[in-house]
Amino acid sequence: MLTIRAVRFVAACLMPLLVIGSAAAQNPPPARPPAPRTPVPRPTPASTAGVIASIKVEGNQRIEDGTIRSYLLVQPGDRFDQDRLDRSLKTLYATGLFQDVRLGRVGDTLVVRVVENPIVNRVAFEGNHKLSDDQLRPEMQLRPRSVFTPALAETDRQHILDMYAKRGYYDANVEPKIIHLDQNRVDVVFQINDGSATLISKIVVNGNKAFSEDRLTEVITSRESRWWRFLSTSDQYDPERLAYDKELLRRFYLKNGYADIQIVDASAELSPDRKGFFLSFTVNEGARYKVGKVTINSQLRNLSGVDLRPQLQLTEGDWYDGDAVGRSADLIEEAVHNRGYAFVEVKPRVTRDVEKHTVDLTFDVGEGPRVYVERIDIVGNTRTKDKVIRREFRLAEGDPYSAEAVRRSKTRLTDLGYFQSVDIATNPGSTPDKAVLATNISEKATGELSFGGGYSTDAGALVDIGLSERNLVGTGVNASINGVLAQKRSSVNASITDPYFLDRNLIAGADIFLIQTDYLGTEPYDERRAGFSLRLGYEFNEHLRQVWSYSLVDRDVYNVYSGASPFILNEAGTTLLSQVSQVLTLDFRDSKVYPHSGYIVELGTDYAGLGGDARFLRGNINTAYYIPLERVFGNPDWGIKLGASTGYMDLLPGGREEIIDRFFLGGDNLRGFQTGGAGPHDTVSGDPLGGRFIWTQTTELRFPLPVSPDLGLSGRAFVDVGGLTQASFRSSSACQSSANVSCEISQSATPRLGAGVGISWRTAFGLINVDLAPFVIKQPGDQTQIFRFGFGTRF
């Protein structure tokens, strides 16, 4: 009850107040006016009315106001021209400095509000294994302290993918990650997944009839993926290589008489799983042509076409050969130059007879345009001095221009071995009769620290260590030091050669050496040689050179077997050799490293007698002639080598007659016999004694093996013939001192012969040579060697 009464009492008290509040809500008192505020101006889109009084820049942190104003196409005093303002906006965006740009107007003020792009703090790579950071970084456009833009990041991402594609990794993945730092800086991290190598799964040739698919795939440089190509990149797809392969196929068909050849298509298709490529070549062979008439039209005074016919590489009735046409033109041009004609031009013309399937060839020989070399520019040689490059040019500034001389210059520069690539472009000069030779080279490392090992029949197991520099401080000087530790032959040699001594046509060099040979097994003694030699040579022309040398050598014959021949026992001890030598070389080979055609003749003489103990005059002639069989078999690996050599030694009064100065037959110069194992020997002990007259002849057929050319295997069949005579000693104190000593020499002038087959394997670890000579014609006492093996490597 008390509770109800209390509620009623409170309600009665509050009722008047509620009535008053309701009335106040229906008739509120007048509101107080708000305090006045200053209006804030906001930029509005710039209108075209009025004149720009000033330009205000907002939002910039690093870039000066004046720099931003310089990009604008309007200035104070200009009208608000909408077209010029739009172009100003595009210009600011095009600088790449800004992430956002806005143009507005506050009264007569043009407001430029910008948001700057961040600055790159660093660029990093993560997950890359096939390409190192040092390989990737030079290709990047984003660099520390450069301006970052998403477009540049995408461009660098694509560059990385392209680099991986060139390595054959087409399923590589690259994702740029941006890490924002203070002061509007960013770190750019490219997260890379190398993926797996995308190799060539299949190569297909369509439309071929004259040649099998296997034969044509040997012509191109691309190869199908095989397990043994782990050291090669030929099974990795490369668009540039595909274009090169297309040209190789075209040249191959032209070379074999198909003058109408068309390579219709050369394409590559990536498999759906992105793991392999399918290469497809489509050819339209056409008919095969023979050579018809061959004519040389000479328009030069006192020079007829008949005089130039010996330079032709094709005759009537031969199958047409596009390469031979080019070679003929080059040889004709060179022959004309050699006759004193400075300006000459040889243009071959080909006339097809479709019905007879013949090609008539006409070589037009005339006076070419009178063009002189104005300048020779050289770029790319960051290390090699200019003079080292210029001295290899076969023409100088001011000389008449000659395409043949430019080709020879490029060949000489390439043969130096200093450069990764050499390109000589002929550009127009300041006047129509002048040309500029722009030489662009790419240098490569020429120093080598080498460690190696191997085995050879002559030296046994061996370990090789060497340090060499073929282009010492960019001067072209070749310096090296090399040591070989082997079971049978160990040596230490230091050498230095300057190919242009005193900047002249002089080759100067020096050698210091120590050679220790263990002959036990083939000779009953050991030998140690220590000394030095000095060399000086010069070139008469491109093909003829001569080298002179002086050698001073201390020879020690020791560890002589007690049962050895009395002639050898008499040789024990130390002798001093003071020798002057010269070698005159006539070299017309197409390559000094891997010759296929041409010949070489070497004439060498040695004179010992300027002091020392030895007194003799020794001469030798070595020749080799190479016959290519490519036109017969269609493969340049087929060829014949014919070699011959002879030597004679004449003793001079007052000197000792040393066995170690004589000629020996067997081993490298007569396969099928041990080193020194063929020829005169002691009747009792059987020890080889050498001789003063030697001759050898070798006939070798070289051919490819029926395996992939990428394996580097080649075969040969050989027949070696030789003879060694004049082994009698003019005096022998060992024979004269004791009547119980037998001093009989068994010698025969009958030729020895060794025949067999061999294999050469060019591997990444070195060259392996294996010769098997089971067929020999020998004389009593000769020591044969059916199997001969040699291996060496450097890494």
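For the structure itself, look to the data block above.
Residues numbered from 1 in each chain as written. Predicted model: local features only at pLDDT ≥ 70, side-chain atom pairs only at ≥ 80, totals over all residues. Heavy atoms only, no water.

Observations regarding unusual backbone geometry
Keep this limit in mind: Strands here mean DSSP runs of E at least two residues long; helices mean DSSP runs of H or I at least four residues long; both are numbered from the N terminus. Burial status follows relative accessibility: with a 1.4 Å probe on protein chains alone, a residue under 20% of its type maximum counts as buried, one over 50% as exposed, and anything between as partly exposed.
Although it is not a glycine, asparagine 302 adopts a positive phi angle of roughly 65°. Looking at the secondary structure, you find asparagine 302 in the loop between strand S10 (290–298) and helix H8 (305–308). In this structure asparagine 302 comes out as exposed when scored by relative accessible area, which is 73%. With a phi angle near 60°, leucine 502 is a residue other than glycine that sits in the positive phi range. In this structure leucine 502 comes out as exposed when scored by relative accessible area, which is 58%.

Focus on the packing of helix H9 (residues 322–338) against helix H11 (residues 403–416)
For the record, the criterion: For every element, the axis is a line fit to its C-alpha atoms; helices are fit only across the contacting stretch, and the angle between N-to-C directions ranges from 0 to 180 degrees. Should an angle fall under 35 degrees it is taken as roughly parallel, and over 145 as roughly antiparallel, whereas 65 to 115 is taken as roughly perpendicular and any remaining angle as oblique. Contacts are assigned to residue pairs that have any heavy atoms within 4.5 Å of one another. Under the scheme applied, nonpolar residues are Ala, Val, Leu, Ile, Met, Phe, Trp, Tyr, Cys and Pro; charged residues are Asp, Glu, Lys and Arg; polar residues are all the others, including Gly.
Running from amino to carboxyl end, H9 crosses H11 at an angle of 105°, the nearest separation of the two axes being 9 Å. With respect to H11, the axis of H9 lies roughly perpendicular. Taking contact as the criterion, the partners of Asp330, Glu333 and Glu334 in H9 are, on H11, Ala403, Glu404 and Arg407. Partitioning the contact of H9 with H11 into residue classes produces one nonpolar, no polar and five charged.

Regarding helix H5 (residues 150–166)
We apply this condition: Helix span is expected to be 1.5 Å times the residue number reduced by one.
Compared with the 24 Å implied by 1.5 Å per residue over 17 residues, the 25 Å span of H5 between its first and last C-alpha is a close match. Every buried residue belonging to H5 is among Ala153, Asp156, Ile160, Leu161, Met163, Tyr164 and Ala165, and all of these are buried. The inward-facing, buried residues of H5 abut strand S4 (119–126), helix H4 (133–136), strand S5 (173–181) and strand S6 (185–193). Backbone geometry just downstream of H5 places glycine 168 in the positive-phi region, at approximately 90°.

A few points about the side chain of glutamate 571
What counts, and what does not: Polar contact is the term for a pair of N or O atoms within 3.5 Å; when the atoms are in protein, one must be able to donate a hydrogen and the other to accept it, and sequence-neighboring residues count only if both atoms are side-chain atoms.
Examined against the element boundaries, glutamate 571 turns out to sit in the loop between helix H12 (566–569) and strand S23 (573–587). A polar contact is formed between the side chain of glutamate 571 and the backbone nitrogen of isoleucine 659, at a distance of 3.1 Å. When near neighbours in sequence (up to four residues on either side) are disregarded, glutamate 571 contacts Val557, Arg656, Glu657, Glu658, Ile659 and Phe729.

Looking at helix H3 (residues 82–94)
Quick note on the threshold: Working definition: the arc comes from the directions between the helix axis and the C-beta atoms, pointing outward to the latter.
Compared with an ideal rise of 1.5 Å per residue, which puts 13 residues at 18 Å, H3 spans 18 Å between its outermost C-alpha atoms and is within 8% of the ideal. Every buried residue belonging to H3 is among Leu85, Ser88 and Leu92, and all of these are buried. The buried residues of H3 occupy an angular sector of 55° when projected down its axis, which confines them to one face. Exposed side chains of H3 directed beyond 90 degrees from the buried face belong to Lys90 and Ala94. The distance from a side-chain oxygen at the start of H3 to the backbone nitrogen of aspartate 83 is 3.0 Å, and the residue carrying that oxygen is aspartate 81. One or two steps after H3, the chain reaches glycine 96, where phi turns positive at roughly 75°.

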